[in-house]
Every structure is written in C-alpha cells, then in structure tokens.
Amino acid sequence: YTNEPTGGTVTLGFNVPQTGPYAEEGLDELRAQELAVEHLNGMGDGGMMNTFSSKALKGNGILGKKVEFVTGDTQTKSDAARASAKSMIEKDGAIMINGGSSSGVAIAVQGLCQDAGVIFMAGLTHSNDTTGKDKKANGFRHFFNGYMSGAALAPVLAKEYGTDRRAYHLTADYTWGWTQQESVAAATEAMGWETVNNVLTPLAATDFSSYITPVLNSGADVLVLNHYGGNMVNSLTNAVQFGLRDKMVNGKQFEIVVPLYSELMAEGAGANVQGVIGSMNWNWQLTDEGTKAFVKSFGEKYGRPPSGSAHTCYVQTLLYADACERAGTFNPCGVAEALEGFEFDGMGNGPTLYRADDHQCFKDVLVMKGKDNPANKFDLLEIVEVTPRAQVEYAPDHPMFAGGDLGKCNPGA
Amino acid sequence: MDVILPQILNGLDKGSAYALIALGLTLIFGTLGVVNFAHGALFMIGAFCSVSLSRILNLSYVTEDPTQTDFLGKPLKVETPYLEAWFGPEFGGALIDWSVPLAILFSIPIMILVGLVMERGLIKHFYKRPHADQILVTFGLAIILQELVRGIYGANPIQTPAPDMFRGSIDFGAMLGFDPNVIIYPYWRMIYFFFSAVVIGGVFAFLQFTTFGMVVRAGMADRETVGLLGINIDRRFTIMFAIAAVVAGWAGVMYAPINAPNYHMGMDFLVLSFVVVVVGGMGSLPGAVAAGFLLGILESFASMTAVKEILDGIDQIIIYLVAIIILLTRPRGLMGKKGVMED
Amino acid sequence: MGILEVKNVNKRFGGLQALGDVNLSVKENSCHAIIGPNGAGKSTLLNCFVGKLIPDTGSVMFDGQSVLGRTPYEINQMGISRVFQTPEIFGDLTVLENMLIACFAKRDGAFRMHAVENMHNERDIVEKAEHMLEEMGMIDQKDDHSASMSRGNKRRLEIAMCLSQDPRLLLLDEPTAGMARADTNNTIDLLKQIKDERDITIAIIEHDMHVVFSLADRITVLAQGTPLVEDDPENIKGNPKVREAYLGEAA
Amino acid sequence: MLGLNKKDTSLLMFVVALSLFAPIILNIFPKDSGFAFFNGGYPDLMQRFAIFGIFAIGFNILFGLTGYLSFGHAAFLGVGSYAAVWMFKLLNYNILPALILSVVVAGLVSVVIGWISLRRSGIYFSILTLAFAQMMYAIAYSDLFGRWMGITLTNGETGLQIYNNDPQILLGNGPTSPHLFGLEMGARKVLSIGPWEFVFPVGYYLCAILLILSFYLSIRIFRSPFGLMLRAIKSNQTRMSYTGLNSKPYTLAAFVISGMYAGLAGGLLAAMDPLAGAERMYWTESGAVVIMTILGGVGTLIGPILGAGTIKYMENIISKMNEKLLHDWFSFLPESLEYAMVWLASWFTGEGWHMTQGVLFMLVIIFLPGGLVQGGQKLASRFRRNKADDTATNATPAE
Amino acid sequence: MNVKPDFSKGHNLAETAPAYLSIWELQAYYGESYIVQNISFNVHEGEILALLGRNGAGKTTTLRSIARMNDPQVQHGEIWLDHKPLHLMSSYEASQTGIALVPEDRCIIPGLTVEENIELAQIAPPVGWSKERVYELFPRLGERRKQEGVTLSGGEQQMLAIGRALARDIKVLLLDEPYEGLAPVIVDEIEKTLRIIKEQGITTVIVEQNAVRALELADRAVILDTGGIVFDGSAAEVLENEELRAEYLAI
Ligand SMILES: Nc1ncnc2c1ncn2[C@@H]1O[C@H](COP(=O)(O)OP(=O)(O)OP(=O)(O)O)[C@@H](O)[C@H]1O
Ligand SMILES: Nc1ncnc2c1ncn2[C@@H]1O[C@H](COP(=O)(O)OP(=O)(O)OP(=O)(O)O)[C@@H](O)[C@H]1O
Ligand SMILES: [Mg+2]
Ligand SMILES: [Mg+2]
C-alpha cells in the first residue's frame, strides 16, 4: 500500500490553512496536531489518551513506530490544498492527511486521498456533502455537519424564541452555505417557523449592508446568517450596526442566529455575538473528563484554550492512531475497517459512533450563545444546551446526503 | 421607495469607501503613473492605525482576581487600562472609546511617514520603469506589509468599534414619514459618508485652486521638460504620494468600525479599486469618485432580491459587467484623459 | 485627371476652420509641393489623405477610389505612404527590423499569419531591406537600436521605410527638417532618382525652399486653410503675395 | 537545427536537458541528508513546474511581444481544466480528447474575450481582461451558468470532479485514472542509487514533452515575421498602421495563441489531477502568471519557465518549513540563539512563505530589472570574464 | 590646456573677454556609448555661439549635458555658469541658475493648453517675460492660447517652446534647431528676436542645420564632429573657410 512505513518512524501529514482568512484557525489546528503527536509518542501528560475509552494506544508511537509529521498550507484553496497534500504524500511519505478548515478543501483533499490510497481524517468541515454526496471510503469526518446543526438548534430556538417566528436567511453562495441553509430551514420549519426569504451572498462580499437593510421590511423577526469566517464576522457586525438586535418586529424582539459558531469567529465578531445563538461541535467549557484533560494539556502548552477545530484535529489524530493499533497495520483498508462502526467515549463529546455507512461521527452537539459580559477574550460563548446524539442522527440515505457513493477503500500502490 | 431608498443609502456609503480608496489610488496611479499594488496595503495600514491606537489606549496593567478562575482553574488575571487608572474611568474610558476618531490624527504622521519612505526609498526609482516592474515591486511590498501586520496582529479580524454615541442607528424612514423600522441607517456610516465628502472636496480644492495639480500632471506627462522649467518635480511627486497615502490611510481608519480590520482587507479592495479608477478614467479625479459612487450604488441595487430574481447571481458580477460595458462604450472610462496609460 | 483628387475639403477643429474648401489635383508621376505659413493646415490636409483625420465635407480620391472612411492601413495598402513631421519609427527595434516590417507589409498585406515561418527563408525580403538601407547610406547602422539614433537619422530611416514599400504616392511632411545639409542634398537626389525610376508621385510639405525648388514640379501655397495660388515653381518665386505672406527674404 | 540559429538551438537543448533530467536535478540531495527537505523532485511539483512553465511561456507570447498586459489569463487556464474534466466525465479517462478539447475551448473563449478586450489598449485592456476573468470566476464559483440553465456545469466551490455514476461512455474496462491510451499518468518508476532516490513519473514526462514542444513553438514564434510584427505593435502602433499593417488581427492571434497555451496548461492540470476548481480563475492566479513572467524576464524566451519554477518551488517547499524543522536545523546553536533564529526564520517560512515571496519579488526587480534571466547573464558574463580575460562584453539584450 | 583653469573666479581659456559659460573636458555617455568626447569651450556673456556639425555629431547631447538632463550621463568634466558649478546641479537647479533649453523635439507637455504650458514655466523663480509679451512676439500663440499644446502645428509648437523658454528669466538660452519647421517669415522674425534678446544681455547657444543662417547671426562658432571639437573660432572665419565648410558642414 501507499507509503508503507518501513523504518522506525511513521509520518503523518497535517494540511491546514496557514495563510488566508482561516489562518488563525489553521494554526490552532496545527497546535493541536503537534500536541497529539507529542502524546502519541509518550511525551507530555498524555491528554485525552488517558480518558479515551480505547486503550490500544501505549504512548510509544503507533505500532511501535515513532510518529513524525509534516505540515502544509492549504491556503483554503482546493488546488493549493491538493498540491500540499500531494507533496506530503509523494515526497514525505505521509500515510494519513489530517486537517483543513473548509468543506471545499476537505472534499477536494478527500478525493485526492481516495485516489492516492491514504486515509484522510477531515478537520473542520461542516457541509453535508463531505459525508453525503462527496463521501469517500478513505475519508473520515469527526466534525458535525449542517444537518446536525439544524437538528440541534431548532428545539432550542423554539424554546427561546417561540414557534411562531419568521426567519430570513442570508446564505454564503457556495456548497457549504447551501447545505447548511437547507438543513436549518428544514429543521426550523418543522418547528413551525416560516422561512420568509433566503438570499445568497457572494463569498467575496465584505460589506453586507445592502443584504441586511431589506430584512427590515420583509416582516421577518429572525435573521439566520449562514456565513462562516470573515463573512460571518462582517455580516453579524453589519446586522448589529443596523440596529437589528434592538428592534421589535411583529411584537417580538428581533433575533439573530448563527448556526455554525467557532471561537475564533466569535473573537473576531467581539461584542456583536452577545445573545446570538449558534451550534458547535465541541467547546472547552464542557466539564467531562476528556475535555478537562485536553484543555489542561493544551492550555498549559499554549496558554489558551483550544478551539473546536483544534479539538477535532486532535481527536482525529488519536482516532487514526488508535485504529492503526487495533487493526495492527497502517494499511488504509485495515485502518478504515477498524474505524468503521467504531464506538468510543472519553474524547469530549460523550459516546460517539463512527458510522460505517458514510464515515460520519455521531455524537452530542452543543448549542451556544454569546455571553453578555465576557470576563476575557476566551470567554465569549456559553453553552446553552448539550443536544443528545439521538436527536441529531439521521439515516444514511437521508435526502440531504443522497447521491454519493462511498466506493471501495483504496490502499494505493 | 422604501426598498429603493435604503439601497441608495447603502450604495452611498459603499461608494464613499470605493471613492476614497480610488481617490488615493488615482493620485498615485492616474496622476503619477505608478501602478501601485500596495495601495490596498496603505488602506489596511490605515485601518490598523485605528486598531493600534485602540490597543495603545488600552494598554493595561494586570492584577489577579482570586475570586474568579481562568480556563485552567488558576486565578483570573484582570486587566485595567492605564488610562482609566490615571484619568479615572470617566475620562479615560471616553478616550479609549474615542480611539477611532482620534486615530484620524494618529494616522497622519504614520501615513506620511509610510508614504515618504515608500516613495523616496522605492517608487522613486520606478517612475521610468515599465508598469510591469512597478506591479511586481509594489505587489512584493504589499505582501510584506500585509505579512508584517499578520505577524503582529494575527489573521483574525479585530473589532474596532466606533465611539459609543455613534454606535446606534437612525430611523431615516420615520423621519421621512415612512413606517418606523424600515429605513434605518447607522450613524457611523453616515459619518463615513460625510467624512469622505470632506476629504474628497479637500483634495479637489487643493489640486484645483493651486498650481500643484497642474505641475504634477505636467510632470507625469514629461518629467524632463518640467525639470527644464526649473521645477523640482521629485519633491512634488513625493508630496503627492504622501497625500495619497494619507487619503488611503484615512479611508482605512474610518472604515475600521464598519467592518473589523483584518490583514488581507487591502487585497480584498485592491482589484476593485483598480476597476473603479479605470472605469472612472485614468488621470481623472472626478472620474474616480464618480465611478466609486456609481459602482457602489449599482452593487447595492444588484443585491436586491427583486433584481436577483431577474438574473440569479447578478450581484456577484455586476461590477465587472458594468465595468466592461462602460469601457466598451466610452474608450477612456467615464472621464479619462487621453494618452494616460493607454500604452 | 490627377492620381490624387481633392475636392472641396473642409475641416474644423472646434471654432477653428483648419481647412476651407481645399481643391487640389496631384498629377501622376509629378512632385507636388505644398507650402505655406505655420498653422496653414498643411499637415491637416495630409492627415486627411491617410485616414488620420476625416474631413467634415468634401472628397479625397486616390486613383479613382475614395480614401475617406478607410483606416490608415487600408490606405497604405492602396499605395500611399507617409513620412511624419516628427519621426515615427519602431524605436524598440533595430534599423534593419524597421525596414523588414515595411517590406513584409508590402509583400503580405495588412495581416498574414506567418507564426512559425523562419526568417532565413525570407532572404529576398532581407535583401530588399538591406538594399534600401544601402541606398540611404545607413547600412552600417543596420543593427543599431533605432531609438538611440540621432533625429536626422531617424527621419532618414523613416523615409527609407516608406520608399521600400514602392508606394504610388509618397507623402512627405517636412522630410529634411533637422537633416544636415549634405544629407538633405542626398535625400533630394534620392527622391529625384526614385521618382524617375519607379514611377512614383510625391506630395511634399517643406519649409526649406532649397528642397522645394529643387524637387517640385508644381507648388500649392496654402494660407489659413485655403489654397492661395497653385503654380509652377518659377512663378511662385516671383509671386509678391507669396513673398509677403510666406517667403520673406528667403526667396 | 530545426530551423533555429545556434544560440536558440542551445537554449532549446538546455531546456530539453533540464526537463528530461529534472527528476535527478531536483532530487540532488540524498534522501536521508538534512538537505533532503529542499528536494523538489516529486511528481506533483515537477508536473507543476512544467505546466506553469507552459502557462507562462504562452503568456509571454502575448505580454512579452505585444506588451498587452492581460490580467485575466487564469480564466483560460480554468476553462481548460473544466473542459478536460468534462471529457473525463463524458468519455473516459483518456487525456488526449481532454487536452484537445481544453485547447479548443480555451481558444474559443479567448477569441471572444480577446476580440472585445482588444478594442482598448494599455490599462483599459488590462482591466477589461481582469473584469472578464473575475466574472468567469464568480460564475464558476457559484456555478451561476449551471444555475441559469438548471444543470451542474462547474459544481461550484467544491470543484468539478468525476463520480462513479458519471456517463463515461467509453470507459469500458479501461483505467480509472487519467491515462494516455492505457499509459497511466500516475505511474512512476523509482530508482534508488545508494542514498539517492529518483522518481520518474509518466505524468511528468508527458508534461515535459509538451513543455519542450511549447517552448520550441514559442522560439519559432519569437523569431518569425509574426513575432517581429508583434514586437512592432509593442513599439509603435501608429507607425504600424501607416505602414499598412492591421494590428488587431496580430494582437488577437497572439491573444488566442497564449489563451490556447493557458488552456493546454489547464487541461494538463486536470490530466495530472482530475479536478477543476474555480479558484484557478481568481485574479491572484492571473496575477501569478504575470509575476512569473516578470520575475523570470519579460520578453525573454526562457524567463517565464524560470519564473514559474521559482514561484511554484517556493509555494510548495518554503510553506512546508514548520517550526519543528527550524528547531531541528538550528539545534546546533545555544538555546537562546536557537530560539532567536527560529523566531526570525519563522517570519519567512511556513505560514510566512508569502513574506519570502514578497521579499524575493522586490529584490529581483530592484537589483535585476531584467528578471532572473538577467541575473543569469550577469553571472555568466562574470564567469566568462574570469575565464577569458577579454574586453568588457556589452550586456546583450536578454534572450 | 592641461592645467585646469579656475572657473569659479571667471578665469578664461585663451580669450580676452571673460568666460561666462565654461565647458571643461566634458565627457557624456548614453549608457555605455561614449558620445561627447572630452570637449571644452567657452561662451562669453551676451554673445551668440553657433554649435554646428553633422547629424549625430553630438550637438544635442552637448546641449542636454549643459542643461543637466538625466540622459546623457556626464561622467567627467565641469560646467560653470557665471561662477556657479552647473555640473553639480540637477536640471531644475540649472534652470533656476539661468539655463534654458529649447529641445529639438520641442517637448510640449501633453494635456496642458498653450497658456498652461507657459504658466508652467513661470512657477519656479526666476520669472522672465510675461505671457502677454510672449503673445506679442508670437501672436499665433495668443490666438491659440486655450488649445492643447500638442495639437498645435509643428511650427506653432516651435514658437511655444521658444516662448516658454523666454517666460523664464534666463542667462543662457540653448536653442536646439529652433528654425526647424518654421516658415521663412517666422524664421526672420525669430532671428530678429534673438538679436533683441542679445542686446538685453542674454547669451545664446544655437544648434542649427541651416548653418549659413546660423553663422550670419552668430558671433562665434564651434564645430563638432563625432563627439569632438574640430573648430572653435569666429563665425565669419567659418563663412570664409571653404575647406572647413565643405568638410564638416557640407556647404
Ligand atoms: N486636433 C486639433 N485640435 C485643434 N486645433 C488643431 C488640431 N490639429 C491642428 N489644429 C490647428 O489647425 C491648424 C493647422 O494645423 P497644421 O498642423 O495642419 O498646420 P501646418 O500647416 O502643418 O503648419 P506647420 O508648418 O507649422 O507644421 C493649426 O493652427 C493648429 O493649431
Ligand atoms: N538616447 C540615446 N541612447 C543612445 N545613444 C544615443 C541616444 N541619443 C543619441 N544617441 C547617439 O548619440 C550620438 C549623438 O547624438 P545627438 O543627438 O547628440 O546628435 P546631433 O548632433 O544632435 O544630431 P542631429 O543633428 O541629427 O540632431 C548619435 O550617434 C546617437 O546615435
Ligand atoms: Mg505641419
Ligand atoms: Mg540633435
């Protein structure tokens, strides 16, 4: 199989955005990945290896081989991401690729890994397509997705804002935006909300004022921002600037929802996130043992709490290593088999299943809200609810995920 | 009307950003003839003047609060800005609150310095070089400036709010007799519009009512001959460059509260500002300003649902589409001068 | 019926009547000089012949065909070549390359896609170009960068380019201005020789009376946009009106 | 030879040698040595060198000869890629029809864009091409065309990929990755000599052969009467038209030729890696080819190849230098110095690779106005001067 | 002449009248090409000096060097004007010291009107003739004052270039082929003007292909050939010396 490790080491490839708008997120992922390698090699305090339900990892690398890593810059562009993944595979002999901060890149790299015959452990990718239309046998996603966000958010939104709401969606005009919008609209409509309008906004937009002003006389009383990164920071800032949060419409307080939150975005949006509800895959404020161990080990090393995407990359690295140990081989097909249907706990999200049908993880989803009086810049969001896994599960052939074909695992040459 | 009016307002403030950036760019590009790919970076530096001033005013000393804990369970570190400690939370707090308007002053020496260093140290040697060389060298400079800012401030956007009293919005519609809550407009955007109007007017007046503009135009067309007439054209070019840098910087300073500054905001605006300048016509200040407002307003209109229903996605291509149409119907853009950058 | 027939040509620039009712007939194989005070409209008239300007009214017929509404390159392909008042050459290219372009344009017309053809297979063109340079006495400079030549030499190059095209009508706008006396005389000889040998018609604008009177068969005096007189050189020399308005002591 | 003069022949031979031996030259450092990191001899990067070399050579035909600065050439690259992937989706993985279609489609698109944009010159032309390219980018990124017509044309931001359920009517039992009549692009031969390891990939050699052909063609164009006309256009359009030449078809021809080069490059990108993404058409990519050309040396024959190679090398190698590597490299220093060095170096490596790029652009253009080619000439002439002590040689115009 | 004279005190080379403008061992280059090869000559206050020679002899290069243009580069030599070291100045400083060059290609500034072209000359001190006075000399310019300078006819441009130089308060006027393209009557006119400004004490260096005309006007003449001085003496001498005229001026 491709890049079978022959010496005393095994090389993992960490492919994250180091430049461009998601650079900070990428750097945080990189920190977590380095930490994971440290822990795998038996250095540091072991982090979540201590709380992980599987005990296959022994702190002596993977299958006795010391773990090394190489890094690459995706630039959040599919082409660049594939180029750097290829260089890690072709030049450095990486046996697994991990990381990323957008769905387009994840899907592009996942396709590449499928062709090249290595395992891809996705980083932050939230589009339904990653494990839906574009799923691949060699690709695995720990992160949650648009559907899950919708399913987790809808009940909380209904509880907080009532079931008689009219929502106006602004949606980033690309695949991730579309799938999230579809998911959230479906979930909220099931609660009795009405979707007044859905306006697609260009990715390149920096000023959203012209998309926001029409919201006011549309009769809507909730604004859903299906934006991420810089788009989200700006659209939320603009919405607050235009005073939406102070308005009363239809006799109700106007509300803003950001279905996908991340700590770094919240930091970028600053005080504008106050009171705004959204969802997350994981947050450092959780109090389970796994989270505490990870936050402690990460925080002591880097002086800041880990972000959600850092968590996912860390967990994915451990999961991969663990699967190798359990499979007794680095062969991608063996690893994939070990991951498929794997049930585990102690990684911060409660009991989790890596579903065999689509390589999607199923676990609890967090609903978050912007804090009113943050004590410091790490403390911008608070957990409103931990939505149990059962509530966000869906059938593998759910229409929002249809059309894909996992194919067969490819061990490469 | 209640649909159109807000979009005109949005167009005006978007347009004032475009116009202000294009104005600075056209001073360098249309007047000095340097294809300055670092202009976006000047805008970005301006915005980071706001950020920096707010950081400086927020310089704090740290105390530990044993009653609270941080994320690692250690005592929480509490930061108190020196300004508040020295001048009391009232005045000190107000100073901090007003960091963006104060940054207008703060940015002047910085931008002049940046402009001078850039022109004397670099651009000076490139007036006679081909445009391609200018592109490469200024692009290189833009990257370096951008990377420096990223190295210092990180890649994340940094919120830099306007003073508290300008943070709200005004209900324009209600004032004009429409239903309340229909046409609202943030104070700060209104300030931005008036600010840019004043700056644009000032620059116009300076170039119109002094011979400075004529000399620089002449120098751009034929440096040698202007020198023969006893005029130290180099000095005037330097001054022009510094003015352009200040204008670009101010555009950025005041933009900071509208959208949180990040290190690549310059590049985001770069292409657009070139399009605006060229559509306005090379060498024409009024052209650049007019094109800025025109494209801003058109862009706002294109983002209306009613328009998007006619052609899906029109808002993504409108600027370029309009640019193509204008350049094809008017050979030198809206008000371009003959022979400027036509070869 | 001359080779070039100009009828009732008018041209205004804003408030300025640059050309007013110009009628002119240039006979085939003659040398027709147009003289007149500065700003009389001589260059403007020439510009109307080559498509640089379009007259407001009137007609310009070359060999029975109208040149109006045609682009400069079409007019050139009809057989009219022009030398400019300030030299227009391909400054980035060498002298020989300048000549080659003129020769190609003559042979291949306005456009031909000879993208991968080899220069070596164009021996005849190169020879023709070199021959012309030799005649002009510029063969030593053939590999020089043309922009860095002195201005007199630039003008000679431009004339050589036009001549190498074997035009039927050659328009010269002050061809010897700034040229050293010796070269001026050489140019006069060359032009005479070419006119005789190659069946060329020449229309020339010139302030140098030496050139005008050595070359011209016929002279038109233009003043304020309208022809004042048209006559043989001898009569022009003697014409008191011309002497007063234009020639001054030079005559 | 081949209708070239001696100097051009040796230049061509140089490029041939460079291309054929690239797998060895680029992997010059032994596999286990500390310098192995700087090896660039792996298939993907070598292919990129060749492909972007082709792109830049083509661009130089337009920009270097006519002086028309197109700021939208990436559009043709993107169009070429989409065309190729569509061929894969509809027919099979054979790259021949794909490449042919890439070139043809890019050619057609460039006829349209060129015909319109060439009505203007100078900066107005640049902005027109930029506007077209940005429009095409936006259309591809959100698949607006597809949306208007109700189909999937570019598959938006994800990029156009090949799915198992695509028609692929000629697929049969053929290979399921790009191939040339059965010769798979992904195939490679690895040669290990002692500590050295050299990879000879099929895909790269295909690209290299096309690069050599492209280069040869570009020399012929540069030296042809057509090339002369293009340079004349750059020099003086007034004289051009009064000499009886219509410059429009010449510039359009140059535009289309360079568009077709770009299309070929785009097709090859897809042939090496069957995915076409919209960001290939973004203005920064158009800017990148401009920069490659200037960096190497505008209007020189070999400059664009050098420029393309330099930029792609930096993008792929320097961006991979992470702090861990830096610490390893500087570990011989005392600890405080080590940290200082790592801190300093990290501004320029890893996520700071853009900084290195910016610095390089500035240094090259300030000190070598003629680009890298001029640098090479300076070196060569110094070398020559040292060798043969003859009189000062005038700097010959860049070739 | 191996000992460097002390120009700063108005010392002269072999002449009786004190030198006003001194050129000493001037060597000027265009890039690598050595054009003006170590020439020295003096101009006295209030005189008219004719600088003559064939095309490419280096006349323009010499004038441009004196006016301190960026191109050519003066790599050796000194230029003194009225005790001031011009060779240490850049062109605008030289202009402020009192040098004015009327360039051979006129260099009318595009984009500016006739009037603005003149106003431009009056921005930096010291200012000379008023606009009105220039228009008086060239009424043609007065009529065209609102027209864009570059659209003037060739001769009108020449007038503008001369007028623009006079609009500055100058000590030395460098004229590069001022008669070129001008109607004979206008040439007479300019000649008169030159005599007038000579009386006002302005020193003039004139480069002209119409050597006889220039020599009739000039007091002294310097003849250049391939970058070196071959004659330096009185103008009358040249007019009388057949051999000299034939060899270097071909007249
Ligand atoms: N584009 C234009 N706009 C306005 N006026 C113009 C334009 N072109 C020429 N003129 C004017 O038209 C008149 C005729 O100009 P033209 O160049 O034909 O003169 P000319 O006879 O060639 O003179 P000269 O002998 O000095 O070259 C001049 O007065 C000139 O100023
Ligand atoms: N920009 C330049 N670069 C290189 N060489 C130049 C340049 N300009 C002029 N030369 C060369 O310098 C020499 C002298 O030129 P110059 O223009 O001084 O001659 P001139 O005496 O004024 O001739 P003319 O009477 O033709 O104007 C010529 O051989 C010319 O080729
Ligand atoms: Mg004329
Ligand atoms: Mg001269």
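Residues numbered from 1 in each chain as written. Chains lettered and ligands numbered in written order. Predicted model: local features only at pLDDT ≥ 70, side-chain atom pairs only at ≥ 80, totals over all residues. Heavy atoms only, no water.

**Some thoughts on the overall build of chain B**
Counting secondary structure elements, chain B contains 14 helices and 4 strands. With the C-alpha coordinates aligned to their principal axes, the bounding extent of chain B is approximately 75 × 50 × 35 Å. The buried share of chain B, taken over its 343 residues, is 62%. In chain B, the share of contacts with a sequence separation of at least 24, taken over all contacts with a separation of at least 6, comes to 73%. Within chain B, the 25 negative side-chain charges are centred at a point lying 13 Å from the centre of the 20 positive side-chain charges. (Helix = DSSP H or I, 4+ residues; strand = E, 2+ residues; numbered from the N terminus. Buried < 20%, exposed > 50% of the residue type's maximum accessible area, 1.4 Å probe, protein only. Contact = heavy atoms within 4.5 Å. Lys, Arg positive; Asp, Glu negative; His and termini not counted. Charge placed at Lys NZ, Arg CZ, Asp CG, Glu CD.)

**Describing the UniProt feature "transmembrane region" (unreviewed entry) in chain B**
Residues and elements named next belong to chain B. As annotated in UniProt, the feature "transmembrane region" (unreviewed entry) corresponds to residues 15-35, 42-62, 98-123, 135-153, 190-216, 237-258, 270-298 and 310-328 in the numbering used here. Along residues 190-216 one finds 93% helix and 0% strand; the C-alpha atoms at either end are 33 Å apart. In residues 237-258, helix accounts for 86% and strand for 0%; the two terminal C-alpha atoms are 32 Å from one another. (UniProt positions renumbered as here; feature names shortened; annotations may be inferred.)

**Comments concerning the site of ligand 2**
In the vicinity of ligand 2, 18 residues are found, and the nearest of them are C:Ser148, E:Asn55, E:Gly56, E:Thr60 and E:Thr61. Positioned at a junction of chains, ligand 2 has nearby residues supplied by chains C and E. Take E:Asn55: an N or O atom from its side chain is 2.8 Å from an oxygen atom of ligand 2. Within the side chain of E:Thr61, one N or O atom sits 2.4 Å away from an oxygen atom of ligand 2. For ligand 2, the accessible surface in isolation is 630 Å², of which the surrounding protein chains cover 81%. Elements that contribute at least two residues to the shell around ligand 2 include exactly helix H5 (151-164) of chain C together with helix H1 (59-66) of chain E. With 3 residues, H1(E) is the largest single contributor of residues to the shell around ligand 2. The residue inventory of the shell around ligand 2, partitioned by class, reads 4 nonpolar, 9 polar and 5 charged. (Near = heavy atom within 4 Å. Polar contact = N/O pair within 3.5 Å; in protein donor to acceptor, adjacent residues only side chain to side chain. Areas by Shrake-Rupley, 256 points an atom, 1.4 Å probe, with all protein chains shown as cover. Nonpolar A, V, L, I, M, F, W, Y, C, P; charged D, E, K, R; others polar.)

**As for helix H10 (residues 242-249) of chain E**
Within the span of H10(E), buried status applies to E:Leu244, E:Arg245, E:Tyr248 and E:Leu249. Summarising the axial view, the buried residues of H10(E) lie within an arc of 95°, below the 170-degree limit, and thus occupy one face. Facing away from the buried side of H10(E) by more than 90 degrees, the exposed set consists of E:Glu242 and E:Glu243. Buried residues belonging to H10(E) abut helix H6 (181-198) of chain C together with strand S3 (48-52), helix H8 (211-217), strand S9 (220-225), strand S10 (228-234) and helix H9 (235-240) of chain E. (Arc of directions from axis to C-beta.)

**Description of the sheet that holds strand S15 (residues 361-362) of chain A**
Strands sit in the order S13-S14-S15 (chain A) across an open sheet of 3 strands; the sheet is antiparallel. The sheet terminates laterally at strand S13 (343-344) and S15 of chain A, the two strands that pair on one side only. (Pairing = 2+ DSSP bridges.)

**Notes on the packing of helix H2 (residues 39-57) of chain B against helix H5 (residues 131-153) of chain B**
Residues and elements named next belong to chain B. In contact at an axis separation of 10 Å, H2 and H5 are set at 20° when each is read in the N-to-C sense. In terms of orientation, H2 lies roughly parallel with respect to H5. Here H2 and H5 pass one another in a crossing that is left-handed. For the pair H2 and H5, the contacting residues are Ala41, Met44, Ile45, Phe48, Val51, Ser52 and Arg55 in the first and Ala142, Leu145, Gln146, Val149 and Tyr153 in the second. Along the lines of polarity and charge, the residues of the contact of H2 with H5 split into 9 nonpolar, 2 polar and 1 charged. (Axes fitted to C-alpha atoms, helices over the stretch in contact; angles between N-to-C directions. Parallel < 35°, antiparallel > 145°, perpendicular 65-115°, else oblique. Left-handed = near helix turned anticlockwise from the far one by under 90°.)

**Some points on the pairing of strand S1 (residues 19-30) of chain E**
Residues and elements named next belong to chain E. Of all 12 residues in S1, 10 are buried; the element is thus mostly enclosed. Relative to strand S2 (residues 33-44), S1 runs antiparallel, the two sharing 9 bridges. For Leu21, the partnering residue across the bridge sits in S2 and is Val43. Looking at chain direction, S1 and strand S4 (residues 73-81) are connected through 7 bridges and run antiparallel. Residue pairing across strands places Ala28 opposite Val74, the latter belonging to S4.

**Remarks on the site of ligand 1**
Close to ligand 1 lie 22 residues; C:Asn38, C:Lys42, C:Ser43, C:Thr44 and E:Gly155 are nearest. C:Ser43 has a polar side-chain atom sitting 2.6 Å from an oxygen atom of ligand 1. Residue E:Arg144 places a side-chain N or O atom 2.9 Å away from an oxygen atom belonging to ligand 1. Elements with a contribution of two residues or more to the shell around ligand 1: strand S2 (16-26) and helix H1 (42-49) of chain C together with helix H6 (154-166) of chain E. Across the shell around ligand 1, the residue classes tally to 5 nonpolar, 12 polar and 5 charged.

**Digging into helix H7 (residues 187-209) of chain B**
For H7(B), with 23 residues, the first-to-last C-alpha span of 32 Å sits near the 33 Å given by 1.5 Å per residue. Here H7(B) has its buried residues at B:Trp188, B:Arg189, B:Met190, B:Tyr192, B:Phe195, B:Ser196, B:Val199, B:Ile200, B:Val203 and B:Leu207. (Expected span 1.5 Å × (residues − 1).)

**Let's talk about the coordination of the magnesium ion (ligand 4)**
Within the first shell, the magnesium ion (ligand 4) binds the protein through E:Thr60 (OG1) and E:Glu104 (OE), at distances of 1.8 to 2.4 Å. Of this pair, E:Thr60 sits in helix H1 while E:Glu104 is found in the loop between strand S6 (99-102) and helix H3 (114-121), placing the two residues 44 residues apart along the sequence. (Donors = N, O, S within 2.8 Å, 3.2 Å for Na, K, Ca; no water.)

**Focus on empty space enclosed by the protein**
Residues and elements named next belong to chain A. Applying the stated criterion across every chain yields a total of 13 cavities of 30 Å³ or more. Empty space within the second largest cavity amounts to approximately 140 Å³. Contributing to the lining of the second largest cavity are 16 residues, with Glu263, Glu267, Trp284, Lys377 and Phe378 lying nearest its centre. The element that contributes the greatest number of residues to the lining of the second largest cavity is helix H8 (residues 263-269), accounting for 3 residues. For the lining of the second largest cavity, the per-class residue count stands at 7 nonpolar, 3 polar and 6 charged. (1 Å grid on protein atoms, 1.4 Å probe; cavity = no way out; pocket = protein on both sides within 12 Å on 5 of 7 lines; lining within 4 Å. Points joined across faces, edges and corners; volume = space filled by probe spheres on them.)

**Focus on the state of the cysteines**
Residue and element names in this part refer to chain A. Under the defined criterion, the tally for this structure stands at 1 disulfide over all chains. Disulfide pairing is shown between Cys333 and Cys409; the S-S distance is 1.8 Å. The sign of the 105° torsion about the S-S bond sets the Cys333-Cys409 disulfide as right-handed. Of the two residues, Cys333 sits in helix H11 (residues 332-339) while Cys409 sits in the segment after helix H12 (389-392), which places them 76 residues apart along the sequence. (Disulfide = S-S within 2.5 Å.)

**Description of the interface of chain D and chain B**
Listed by partner, the interface residues are 40 residues for chain D and 47 residues for chain B. Of the roughly 3,800 Å² buried at the junction of chain D and chain B (both faces included), carbon and sulfur atoms supply 78%. Linking chain D with chain B are 1 salt bridge, by the criterion used here. With a closest N to O distance of 2.9 Å, B:Asp312 and D:Arg147 form a salt bridge. Counting across the chain D and chain B interface gives 11 residue pairs in polar contact (both at pLDDT 80 or more). (Buried area = accessible area lost by both parts, 1.4 Å probe. Salt bridge = Lys/Arg side-chain N within 4 Å of Asp/Glu carboxyl O.)

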